[in-house]
Amino acid sequence: MRADAQNTVEKIEKSLELLAQRLDVETAPHRLEEFNARVEDPNLWDDPEAAQKLMRDRQMLVDAMETYESIRQDMTDNIELIELGEMEEDEEVVADAEKALHALAEKAAQKELEALLDGEADGNDTFLEINAGAGGTESCDWASMLARMYVRWAEKKGYKVELQAESAGDEAGIKSATYKISGVNAYGWLKSESGVHRLVRISPYDSAAKRHTSFSSVWVYPVVDDNIDIEVNPADIRIDTYRSSGAGGQHVNTTDSAVRITHHPTGIVVTSSEKSQHQNRDIAMKALKSRLYQLELDRRNAAINEAHENKGDAGWGNQIRSYVLQPYQMVKDLRTSFETSDTKGVLDGDLDGLMGATLALDVSGKTRAEAQGT
């Protein structure tokens with residue numbers, strides 16, 4: 001087998017090792033037998049909620065087992081085809097099998113990343129907040145670039161993107177924006193993006209063409225499922241209504257339809273500015289519950305967060321990633337040291353490599369210093 005094909009096989013084998021570890025491949029058949037026995041229980045649907053969870057868990061196990069076995073078998077089949085083609089000196093068979101192996105390696109790498117998304121809320125939809133930092137127009141423009149980056153990423157994933165609220169910058173860009181992103185594992189993918197993002201570039205707003213550094217913060221928190229009960233004491237919140245901003249003219253919204261909810265114990269403020277005040281109350285309350293749930297997840301994971309050096313104030317020292325466009329091209333994640341010179345691709349939404357490196361770091365339990373080899 002040629003060296004290139006051998007390297008591809010080794011990549012697939014590494015992905016299979018992680019899939020086997022996450023699946024616990026030796027005990028998986030026994031766990032499936034237990035699931036099947038419970039499914040046959042005639043009293044299963046006496047508790048519909050528990051039954052649905054059981055069916056979901058069983059299907060997840062079945063899918064994981066089938067994925068692992070399919071990749072393993074396809075790898076074996078293509079290796080045999082290459083060996084057969086080399087024996088018979090059939091270059092076309094060898095080339096086709098090598099092409100199939102490359103495609104399989106990409107599939108295996110994707111499944112390897114998805115296997116890391118097994119946290120409590122990883123499968124949920126998510127809210128994504130972007131806020132411009134200090135720096136006026138520069139930071140507002142950077143915030144709008146980040147918003148475009150994440151919308152592009154979500155669209156490539158086939159996710160549904162809904163703008164919940166937006167505050168425009170005084171001259172350009174946005175001061176803040178909140179999106180709801182819906183799709184399988186949306187929160188699991190995006191959760192690694194919370195933190196401060198730093199941009200270095202030649203400013204298009206500086207007539208002297210000097211290099212500027214801008215900051216914007218990103219905050220990701222899961223949409224709370226109906227199955228997750230988050231209680232909000234009415235005495236702890238204040239609900240304000242105010243006039244939604246419009247484009248002006250005869251069709252400007254003149255009713256106090258926008259809603260702002262303030263949670264006094266935590267200081268959390270959420271807003272929604274759709275056309276219907278009733279809809280805005282519902283959206284804002286769901287956003288508040290999601291934020292409270294995220295706080296609870298943060299408390300549970302406090303030790304991990306501290307180990308990964310992700311705690312601290314939401315100040316500009318808490319940077320997770322740098323995007324350098326001048327004097328060279330580089331995007332570098334400061335937690336994992338993952339870097340790429342494809343700045344255009346990243347800003348167009350090619351984020352899976354950056355996200356995957358952070359997911360792998362979270363699973364490994366390494367500190368930032370260990371990941372960087374310092």
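Quick caveat, the model's predicted, so the values are computed rather than measured.

1. Comments concerning the environment of Ala186
By secondary structure assignment, the location of Ala186 is in helix H6 (residues 186–190). Residue Ala186 is classed as buried on the basis of its relative accessible area of 0%. Ignoring sequence-local partners within four residues, the contact set of Ala186 consists of Asp122, Asn124, Asp125, Thr126, Tyr159 and Ile181.

2. Some points on the pattern of salt bridges
The full count for this structure, using the stated rule, is 20 salt bridges. Between Asp352 and Lys157 there is a salt bridge, and its shortest N-O distance comes to 3.1 Å. Residue Asp352 is found in helix H10 (residues 352–364), and its partner Lys157 is found in helix H5 (residues 137–157); the two are separated by 195 residues along the sequence. Given a relative accessible area of 24%, Asp352 falls into the partly exposed group. The class for Lys157 is partly exposed, based on a relative accessible area of 24%. Here Glu193 makes a salt bridge to Arg321, at a shortest N to O gap of 2.7 Å. Of this pair, Glu193 sits in the loop between H6 and strand S4 (195–202) while Arg321 sits in strand S9 (residues 319–324), placing them 128 residues apart in sequence.

3. Quick word on the pairing of strand S1 (residues 126–132)
Of all the seven residues making up S1, five are buried; the element is thus mostly covered by neighbouring parts of the structure. Pairing of S1 with strand S3 (residues 174–182), which is carried by six bridges, proceeds in the antiparallel orientation. Bridge pairing in S3 links Thr126 to Ile181. In terms of strand pairing, S1 meets strand S5 (residues 211–222) through seven bridges, oriented antiparallel. Looking across to S5, one finds that Leu128 is bridged to Val220.

4. What about the sheet that holds strand S8 (residues 268–272)?
Taken together, the three strands give an open sheet; going across it, the order is S6-S7-S8, and neighbouring strands pair in antiparallel fashion. Taken across any chain shown, the strands that pair with only one partner, and hence form the sheet edges, are strand S6 (237–242) and S8. Here the strands of the sheet are splayed against their neighbours by 15° on average, with no regard to which way each runs. In terms of strand pairing, strand S7 (residues 258–263) meets S8 through five bridges, oriented antiparallel. Each residue of the ladder has a partner; that of His263, found in S8, is Ile268.

5. Quick word on the pairing of S3
Where strand S2 (residues 160–168) lies against S3, eight bridges are found, and the strand directions are antiparallel. When the bridges of S3 are listed, Ser167 appears paired with Ser176. Following S2, the chain reverses through five residues before pairing antiparallel with S3; Gly173 in that reversal takes a positive phi of roughly 70°.

6. So, the packing of aromatic side chains
Following the criterion strictly, the structure yields four aromatic pairs and no others. Centroid distance Phe127 to Tyr221: 5.4 Å. Interplanar angle 35°. Geometry classified as tilted. With Phe127 in strand S1 and Tyr221 in strand S5, the pair connects residues that are 94 residues apart, well separated along the chain. A relative accessible area of 3% means that Phe127 is categorised as buried. Note on Tyr221: relative accessible area 1%, which makes it buried. Seen from their ring centres, Trp153 and Tyr159 are 5.7 Å apart, and the 75° between their planes marks the pair as edge-to-face. Exposure remark for Tyr159: the relative accessible area of 11% places this residue in the buried category. Pairwise contacts between aromatic rings join Phe127, Trp219 and Tyr221 into one cluster. Looking at Lys157, its charged tip hangs above the ring of Trp189, at a distance of 3.9 Å from the centre. Residue placement shows Arg291 over the ring face of Tyr221; its charged tip is 5.3 Å from the ring centre.

7. Let's talk about the nonpolar core
Grouped together as the largest cluster of nonpolar side chains are 80 residues, with contacts concentrated most on Ile12, Tyr150 and Tyr323. Dropping the residues within four chain positions of it, Ile12 is found in contact with Ile71, Met75, Leu101, Leu104, Ala105 and Ala108.

8. Comments concerning the confidence of the model for the chain
Close inspection of predicted coordinates is inappropriate in any region flagged by low pLDDT. A residue-level look at the chain finds 85% of positions with pLDDT of 70 or above and a mean pLDDT of 84. Per-residue pLDDT stays below 50 along residues 246–255; that stretch engages in seven contacts with residues further than four places along the chain or on separate chains. pLDDT under 50 marks residues 303–315. Its contacts with residues more than four places away, or in other chains, come to 21 contacts.

Criteria and cut-off values
- Residues numbered from 1 in each chain as written.
- Predicted model: local features only at pLDDT ≥ 70, side-chain atom pairs only at ≥ 80, totals over all residues.
- Heavy atoms only, no water.
- Helix = DSSP H or I, 4+ residues; strand = E, 2+ residues; numbered from the N terminus.
- Buried < 20%, exposed > 50% of the residue type's maximum accessible area, 1.4 Å probe, protein only.
- Contact = heavy atoms within 4.5 Å.
- Salt bridge = Lys/Arg side-chain N within 4 Å of Asp/Glu carboxyl O.
- Pairing = 2+ DSSP bridges.
- Axes fitted to C-alpha atoms, helices over the stretch in contact; angles between N-to-C directions.
- Phe/Tyr/Trp six-rings, centres within 6.5 Å; stacked < 30°, edge-to-face > 60°.
- Lys NZ or Arg CZ within 6 Å of the ring centre and 35° of its normal.
- Core = buried A, V, L, I, M, F, W, Y, C linked by side-chain atoms within 4.5 Å.
- pLDDT = per-residue confidence, 0-100.

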